[in-house]
Amino acid sequence: MSEVTSRRVVLQPSTVEVIFAWFQRVIAGYCLLFGILYWVKLIGFYPGSLWRFDLMPVHWQVAAVMLAVFFPFAAAGLWMLASWGPVIWFICAVTETVMYAGFPELFGHRLLIVVSHAAVALLYIVFRVVIWLQKRPVRH
């Protein structure tokens, strides 16, 4: 072996990093599903008279169009483990949280969605803190 090849450092992701990557991909699947559900509502292939774009109130039109575009975009970023993926997901989560927790008289009460976004955000923070703690240098 040459001197250069013997000094190579192999960078392997930690177990937490691998689990975090799969966590992001699971959330990407959910984002894609939510995006598809918003598109289904927009094109009118959904039961109910208010679930066609031309029949929706303006506040629902704005929210549904924005989320129909952003959720699949977030899914792509999360699946690729891109740094912008969680940012776009965060925009979607905040939007839905404001919709359902801030304006329930307009959008309805969807506590499960608000709680699920909070749980995903909390898990994301825990993963990032654990990874940061693993990577920081040990002081002696």
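Going by what an unreviewed UniProt entry lists, the chain is known as Transmembrane protein and is assigned to Mesorhizobium opportunistum.

Asker: Residue-level account of the packing of aromatic side chains, with values.
Answerer: On inspection of all chains with the given rule, the structure shows eight aromatic pairs. Look at F20 and F23: their rings are 6.4 Å apart centre to centre, the planes differ by 20°, and that puts the pair in the stacked class. Of this pair, F20 and F23 are both found in helix α2 (residues 15–43), three residues apart, which corresponds to roughly one turn of the helix. Judged by its relative accessible area of 6%, F20 is buried. A residue is classified by how much of its surface remains accessible, and F23, at 15% relative accessible area, is buried. With 5.3 Å between their ring centres and 50° between their planes, F20 and Y124 make a pair best called tilted. Linking F20 in helix α2 with Y124 in helix α6 (residues 111–135), this pair joins segments that are 104 residues apart in sequence. Ring pairing ties together the aromatic residues F20, F23, Y124 and F127, which thus form one cluster. Its guanidinium or amino end placed over the ring of W22, R25 lies 5.8 Å from that ring's centre, counting from NZ or CZ.

Cut-offs and rules
Residues numbered from 1 in each chain as written. Predicted model: local features only at pLDDT ≥ 70, side-chain atom pairs only at ≥ 80, totals over all residues. Heavy atoms only, no water. Phe/Tyr/Trp six-rings, centres within 6.5 Å; stacked < 30°, edge-to-face > 60°. Helix = DSSP H or I, 4+ residues; strand = E, 2+ residues; numbered from the N terminus. Buried < 20%, exposed > 50% of the residue type's maximum accessible area, 1.4 Å probe, protein only. Lys NZ or Arg CZ within 6 Å of the ring centre and 35° of its normal.

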